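What follows is each chain in one-letter form.
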Amino acid sequence: MATPATPRSGRRNPLAALLVAAVVLMVSTSPSLRPSAAQPSAGIPVFPRQVAAYSWWTGMLSPSALDAATLLYQNGVGVEFLDSPQSVLLGVDGSSYRRLELAESLSIAADQGDPAQTVLSPDGTFVVVAGANGHGNVQVVTVRDGSARAVSIGAGRSAVPTSIGADGRTVLLLTSDRSLSPLEDIGFRLHGALASLDLVSGKLRAYPGLADVNAAALSPDGSRIVADTSAGTVLADATDGRIVARLAAPGPIDLDGDAWSPDGRRIAFMSASSLVIVDAARPEDPARTLPLTGIEFGSAIGWRDAGTVLVHAGAIGDSNESGFLWVDLRTGSQEQISSYAPDFTGAALVGPDAARQLVPAWQVQDRPVGRGPLPLPLAAVLAVAAGLLVLAFTPRLRQGSVLTASGPRAR
């Protein structure tokens, strides 16, 4: 006698899962399908009142993503909770954030995950990135189309860019035949030989008298250099690197590549929580020190005009919050124009570099956040995860019943 067998469950139909995965991948990687930030008035650089916190979802720089950048910074430092340090460009619309993949790819082991150090051009249209572990060249990345071109500095040579001249073609570099990383020094200082590189001709000019340099800035007219060296803060001739004066700096300083005032008469840098102003025409005179309130440390990263300095300052405590301030040199008053607060990862905003020619025209506004298409590896992971989730809830196909014989089969 034949009896019906128990129906057996078959495989799940993967069609729905594949469709969902494809849709997720398309939406997350397509600029036209993801929400975009509202655009400001044409030609006016906007800076947000609140700089966006760290995000895994920030897309990579791609063609036409940004016309120019108003700020370049590092988001996250070393090994932190659920974040990997990013090199981030903030567009002149005050809304668009993109990662600079090249800087992240040139990170060296000594940097513990931090991107390679970079400098943003005065007009925000390009970025200079250099390899700190013997890459032998610097890379010039055009913001508008994301293209990069290499300029050789000699096989096996490491470099860190520190400042770009007003001409847009002269960049100051720290160079070395060994790796260059601040994390290799107990005081977090760099130890490089200073040189200038012409990005058009490729000519590299060495400054033998400026060795063991941590940071440097080129004057607006390209004639002078202020450098933070192991022997102190010095003023040098940009033609041959000859030291012409030593500055009376109050202790360790933070010198940015945009330290010079637009008229070339003053130099601004930070020492702990104080803003220090030096008269470039009379460098032997005592520097003017302006203590800033409510901050633990800071960096003078640009000038709005001859009497107002832009400072990025870290809040007191362990919150990793920071802000951007106008500091009036006449009165010493400070006005916070923008703030940054980390998300649950605690990722800090560090090493900001402003496009100094745009700073005087900044309009500070509340701005939406536009992160662009997701990085492809992350988008692929999300697509696969979404597909697997749908597949797990897809009913199995039922196979038809099968008759079996309880006795010998009939021949």
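The preceding data block contains the structure.
What you see is a predicted model; the values in this text were computed from it and never measured.

Rules behind the numbers
- Residues numbered from 1 in each chain as written.
- Predicted model: local features only at pLDDT ≥ 70, side-chain atom pairs only at ≥ 80, totals over all residues.
- Heavy atoms only, no water.
- Pairing = 2+ DSSP bridges.
- Helix = DSSP H or I, 4+ residues; strand = E, 2+ residues; numbered from the N terminus.
- Axes fitted to C-alpha atoms, helices over the stretch in contact; angles between N-to-C directions.
- Polar contact = N/O pair within 3.5 Å; in protein donor to acceptor, adjacent residues only side chain to side chain.
- Contact = heavy atoms within 4.5 Å.
- Phe/Tyr/Trp six-rings, centres within 6.5 Å; stacked < 30°, edge-to-face > 60°.
- Buried < 20%, exposed > 50% of the residue type's maximum accessible area, 1.4 Å probe, protein only.
- Patch = residues over 30% accessible without salt bridge, like charges linked within 9 Å, V, L, I, M, F, W, Y side chains within 5 Å.
- Areas by Shrake-Rupley, 256 points an atom, 1.4 Å probe, with all protein chains shown as cover.
- Salt bridge = Lys/Arg side-chain N within 4 Å of Asp/Glu carboxyl O.

J.: Can you explain the sheet that holds strand β21 (residues 274–279)? Please cite residues and give values.
T.: An order of β20-β21-β22 is seen for the 3 strands of this open sheet, with the pairing classed as antiparallel. The open sheet has two edge strands with one neighbour each: β20 (266–271) and β22 (288–291). Strand after strand, the sheet turns through a mean of 25° between neighbouring axes, direction not considered.

J.: A description of the side chain of Asp198 should follow, citing residues and the corresponding values.
T.: Within the secondary structure, Asp198 sits in strand β14 (residues 193–198). Of the polar contacts made by the side chain of Asp198, one reaches the side chain of Arg169; its length is 2.8 Å. Among the polar contacts listed, one links the side chain of Asp198 to the backbone nitrogen of Val200, at a separation of 2.8 Å. Contact partners of Asp198, with chain neighbours within four places excluded, come to Arg169 and Lys203.

J.: Tell me about the packing of aromatic side chains, residues and numbers included.
T.: For the coordinates displayed, the defined rule picks out 5 aromatic pairs. The interplanar angle of 75° and the centroid separation of 5.2 Å between the aromatic rings of Phe47 and Phe324 together place this pair among those described as edge-to-face. Taken together, the residues span a long stretch of sequence, with Phe47 in strand β3 (residues 46–48) and Phe324 in strand β25 (residues 322–328) at a distance of 277 residues. Of the two residues, Phe47 and Phe324, neither departs from the other in class, the shared state being buried.

J.: Quick one: what's the story with a nonpolar patch on the surface, residue by residue and with numbers?
T.: A surface patch of nonpolar side chains, about 330 Å² in accessible area, is lined by Trp56, Trp57 and Phe344. If you trace the backbone, Trp57 turns up in the loop between β4 (50–51) and β5 (69–75). Residue Trp57 is classed as partly exposed on the basis of its relative accessible area, which comes to 34%.

Function cannot be inferred from these measures alone, as they are strictly geometric.
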